[in-house]
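Fold and contact review
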Amino acid sequence: MVVDDHPMWREGVSRDLAAAGYDVVATSGEGRQAVRIAGAARPDVVVLDLQLPDISGVEVITGLLAAVPGVRVLMLSASGEQQSVLDAVKAGASGYLLKSAGQAEFLDAVGRTAAGDTVFTPGLAGLVLGEFRRLAVEPAGGDDAAPKLTERETEVLRLVAKGLSYRQIAERLVLSHRTVQNHVQNTLGKLQLHNRVELTRYAIEQGLD
């Protein structure tokens, strides 16, 4: 689903996605309308502009996640301001890409977002990692209360926090794609988390990036 208040940009992005084989189930130029439509269209990924005429991008993210639990939101914005990026990620965005990105970079970001990766324009990932580390607190009950991960699970978790895809992690650790997926699923279970976005946040909070 593509949400942008500029018709030419919205239509151009939709055409690029369709040409790349994606099914664009809906488009919208307003935040409230986007949330209503998403509930019926049930998109897997929403490409969302930060600046909309009616409500803020953060409000749209919150509404989308409530309407379609598990939906992945990729911000596509002209603004690379620190607060804008952090607000979007804290609200639940899976990634943040500047509109200056090329077509190939954009399509790669959509594919990675659909696969569950966290995706950021180069330079923004470090900003987000630093902010979450700053906000990190010790887990309640101290280290003894923290879930116990194996060395390999911790190693995979560290690479997840760096934003590597399953394929890249498999290549880095000389493992099969399936083995990496199994490690991630085991780690999600131990930490009682639901997806890679939550896993990335946990890793950042623990200083594992």
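Refer to the structure printed above.
The sections below set out a description of the structure shown in this document. (Residues numbered from 1 in each chain as written. Predicted model: local features only at pLDDT ≥ 70, side-chain atom pairs only at ≥ 80, totals over all residues. Heavy atoms only, no water.)

**A short note on the overall build of the protein chain**
Here is the rule: In DSSP terms, a helix is any run of H or I states spanning at least four residues, a strand is any run of E spanning at least two, and both are numbered starting from the N terminus. Accessibility here uses a 1.4 Å probe with only protein chains present; expressed as a share of the type maximum, an area under 20% marks a residue as buried, one over 50% as exposed, and anything in between as partly exposed. Residue contacts are counted whenever heavy atoms from the two residues lie within 4.5 Å of one another. What sets the accessible areas is the Shrake-Rupley method with a 1.4 Å probe; for residues, cover comes only from the shown protein chains.
Each helix and strand in the protein chain was counted, giving 10 helices and six strands. Residues counted as buried form 46% of the 209 residues belonging to the protein chain. Counting only contacts in the protein chain whose residues sit at least 6 apart along the sequence, the fraction spanning at least 24 positions is 63%. When the accessible surface of the protein chain is split by element, carbon and sulfur atoms take 50% of a total near 10,400 Å².

**What about helix H4 (residues 82–91)?**
Residues Ser84, Val85, Leu86, Ala88, Val89 and Ala91 constitute the buried set of H4. Of the residues flanking the end of H4, it is Gly92, one or two places downstream, whose phi is positive at about 125°.

**Here's the deal with the sheet that holds strand S6 (residues 119–120)**
Under the convention used in this document: Any two strands with at least two DSSP-identified bridges between them are counted as paired.
Read across the sheet, six strands follow the order S2-S1-S3-S4-S5-S6 without closing on themselves; strand pairing throughout is parallel. The outermost strands of the open sheet, each flanked by one partner alone, are strand S2 (27–28) and S6. Relative to S6, strand S5 (residues 95–98) runs parallel, the two sharing two bridges. Bridged to Tyr96 within S6 is Phe120.

**Quick look at the packing of helix H3 (residues 57–67) against H4**
Here is the rule we go by: In this analysis, axes come from line fits to C-alpha atoms, helices being fitted only over the stretch in contact, and the angle between any two N-to-C directions falls in the range 0 to 180 degrees. Working definition: roughly parallel below 35 degrees, roughly antiparallel above 145 degrees, roughly perpendicular at 65 to 115 degrees, and oblique for all remaining angles. Note: crossing handedness is left-handed where the near helix turns anticlockwise from the far helix by less than a right angle, and right-handed where it turns clockwise.
In contact at an axis separation of 9 Å, H3 and H4 are set at 15° when each is read in the N-to-C sense. Considering their axes alone, H3 and H4 lie roughly parallel with respect to each other. When you trace H3 past H4, the crossing you get is right-handed. On the side of H3, the interface is formed by Val58, Ile61 and Leu65, while H4 contributes Asp87, Ala88 and Ala91.

**Thoughts on the pattern of salt bridges**
Note the threshold: Each reported salt bridge corresponds to a side-chain nitrogen of Lys or Arg within 4 Å of a carboxyl oxygen of Asp or Glu.
For the structure shown, the criterion picks out six salt bridges. In this structure, the salt-bridge partner of Arg32 is Asp54, at a minimum N-O distance of 3.9 Å. Of the two residues, Arg32 is situated in helix H2 (residues 31–41) and Asp54 in the loop between strand S3 (45–48) and H3; the sequence distance between them amounts to 22 residues. Of the charged contacts in the structure, one is a salt bridge between Glu171 and Arg167, with a shortest N-O distance of 3.3 Å. Placement of both Glu171 and Arg167 in helix H8 (residues 166–173) is noted, with a separation of four residues, approximately one turn of the helix. Judged by its relative accessible area of 48%, Arg167 is partly exposed. Through salt bridges that share partners, Asp4, Asp49 and Lys99 make up one connected network.

**Details of unusual backbone geometry**
Excluding glycine, a negative phi dihedral is what most residues carry, and trans is how most peptide bonds are arranged. Located in the positive-phi region is Arg42, a residue other than glycine, with phi close to 50°. Structurally, Arg42 can be placed in the loop between H2 and S3. The residue Val174 is not glycine, and still its phi comes out positive at about 55°. Along the chain, the position of Val174 falls in the loop between H8 and helix H9 (177–191). Since its relative accessible area comes to 72%, Val174 is described here as exposed.

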